[in-house]
Each structure stands twice: as C-alpha cells, then as structure tokens.
Amino acid sequence: MINIEKVLYTGKTHTTGGRDGSVRSSDGRLDLKLSSPGSNGQGSNPEQLFAAGWSACFIGSMGLAARAMKVQLPPDLAVDAEVDLGTTGDDYLLQARLNVSLPGLDREVAQALVDAADKICPYSKLAHGNINVELALAA
C-alpha cells in the first residue's frame, strides 16, 4: 500500500440512520436524505453517491491526462457511472461500469486518455482489484 505524503483535502460527513437516514458534510454543502435502493424513500443512496463521486473524479483525471498529452478535451465529454449492489451467497458486493464519452476525439487518443485517467483517478485505484470494474469508451 502507498501512503499519502501530503493531504490535499479531507471530506467530512456525519451520517445517521444508515441507508434510510441522512448525511451532512461538515461545511453544510452536502445535506441529503438517504433511502435504500429500490425503496419509496425520497433520498439518494450510497451507490448513487459513489457513482457520482467516481465519475466526477474520473473527468478531473482525464483533464490531468489531457494536459500531459497536450490534448484538448471536448466540452461535451461525459462519464455515465453505474454501481451495482448485489450479493454472492451471504456476502454483499459492489461492481461498477464507467461509460466514457469523448465526442470528436480520435478513438485511439480517447482510449489513451481513458487508460491514463484510470491510472490517475483515486476512485479507480480504490476500486480496481477490489470490485469488478468495466471501462468502456462510447462508440
């Protein structure tokens, strides 16, 4: 395991009630009700929050990769993230898919950006080797 040498940011949240509770960040910018997936609750769920965080981080990582490769990212780039909650026997597990859209870029360049971002993104580093992950470049 690699240790962090310099902390750049610490996200702090306070969660109560688990999947049917609420979560609030220490700065108040995040203040959400939580609901279990598939329930009639009005809140988000941890899988949606993980998908949102990972896709946003992945776009930022593509920006870093693009600067290093001297490539201009398209303004309408997007990442559609899907995070599944499932079971195997009695174990609960996650799996994920990131579908990346880089319209107007040559497919080879786009794939190189996705591959580089996957190596840069801390969420990708967290997931790979721990859950099943599929990365796809939109046609």
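Before reading on, note that the structure itself is shown above.
Model, not experiment: these values are computed from the prediction.

Novice: What should I look at first to understand the overall build of the chain in this one?
Specialist: Scanning the chain from terminus to terminus reveals three helices and six strands. Listing the helices and strands of the chain from first to last along the sequence gives β-β-β-α-β-β-α-α-β. By principal-axis analysis of the C-alpha atoms, the chain measures approximately 45 × 35 × 35 Å. Excluding contacts between residues fewer than 6 apart, the proportion of contacts in the chain whose partners are at least 24 apart in sequence is 49%. As displayed, the chain offers around 9,500 Å² of accessible surface, 52% of which is attributable to carbon and sulfur atoms. Each charge class in the chain can be summarised by its mean position, and for the 12 positive and 16 negative side chains these summaries are 10 Å apart.

Novice: Can you walk me through a nonpolar patch on the surface in this structure?
Specialist: A contiguous nonpolar surface patch, about 320 Å² in accessible area, is contributed by Leu-85, Tyr-92 and Leu-94. Of note, Tyr-92 is situated in strand β5 (residues 91-101). Overall, Tyr-92 belongs to the exposed group, its relative accessible area being 65%.

Novice: How should the environment of Arg-24 be read in this particular structure?
Specialist: The residue Arg-24 is located in strand β2 (residues 22-25) in this model. Separated by 57 residues in sequence, Arg-24 and Ala-81 place their C-alpha atoms 23 Å apart. Arg-24 has contacts with Lys-12, Thr-13, His-14, Leu-30 and Asp-31, leaving out every residue within four places of it along the chain. There is a polar contact of 3.1 Å between the side chain of Arg-24 and the side chain of Asp-31.

Novice: What am I meant to see in unusual backbone geometry here?
Specialist: One can expect most non-glycine residues to show negative phi and most peptide bonds to be in trans. Positive phi, normally seen in glycine, also occurs at Lys-70, with a value near 55°. Looking at where Lys-70 falls in the secondary structure, it is placed in the loop between α1 (46-69) and β4 (78-88). Relative accessible area serves as the criterion here: at 75%, Lys-70 is assigned to the exposed category.

Novice: Looking at this structure, how should I read helix α2 (residues 107-120)?
Specialist: Residues lying three or four places apart along an α-helix face the same way, a consequence of the helix completing one turn every 3.6 residues. Look at α2: 20 Å from first C-alpha to last across 14 residues, which is about the 20 Å you get at 1.5 Å a residue. Within α2, the full set of buried residues consists of Ala-110, Leu-113, Val-114, Ala-117 and Asp-118. Each buried residue of α2 lies within a common arc of 135° when the element is viewed along its axis, so the set occupies one face. The exposed residues of α2 that point more than 90 degrees off its buried face are Glu-108 and Lys-119. At the N-terminal boundary of α2, the capping side chain belongs to Asp-106, with an oxygen 3.1 Å from the backbone nitrogen of Glu-108.

Novice: Can you help me understand α1 in this one?
Specialist: In this model, α1 (24 residues) spans 34 Å end to end at C-alpha, consistent with the 34 Å of a helix rising 1.5 Å per residue. Buried within α1 are the following residues: Glu-47, Phe-50, Ala-51, Gly-53, Trp-54, Ser-55, Phe-58, Ser-61, Met-62, Gly-63, Ala-65 and Ala-66. The secondary structure elements touched by the buried residues of α1 are β4, β5, α2, α3 (122-127) and β6 (132-137). Measuring from the backbone nitrogen of Glu-47 back to the side-chain oxygen at the start of α1 gives 3.0 Å, which picks out Asn-45 as the cap. Phi turns positive one or two residues past the end of α1, at Lys-70, with a value near 55°.

So, how was this worked out
Residues numbered from 1 in each chain as written. Predicted model: local features only at pLDDT ≥ 70, side-chain atom pairs only at ≥ 80, totals over all residues. Heavy atoms only, no water. Helix = DSSP H or I, 4+ residues; strand = E, 2+ residues; numbered from the N terminus. Contact = heavy atoms within 4.5 Å. Areas by Shrake-Rupley, 256 points an atom, 1.4 Å probe, with all protein chains shown as cover. Lys, Arg positive; Asp, Glu negative; His and termini not counted. Charge placed at Lys NZ, Arg CZ, Asp CG, Glu CD. Patch = residues over 30% accessible without salt bridge, like charges linked within 9 Å, V, L, I, M, F, W, Y side chains within 5 Å. Salt bridge = Lys/Arg side-chain N within 4 Å of Asp/Glu carboxyl O. Buried < 20%, exposed > 50% of the residue type's maximum accessible area, 1.4 Å probe, protein only. Polar contact = N/O pair within 3.5 Å; in protein donor to acceptor, adjacent residues only side chain to side chain. Expected span 1.5 Å × (residues − 1). Arc of directions from axis to C-beta.

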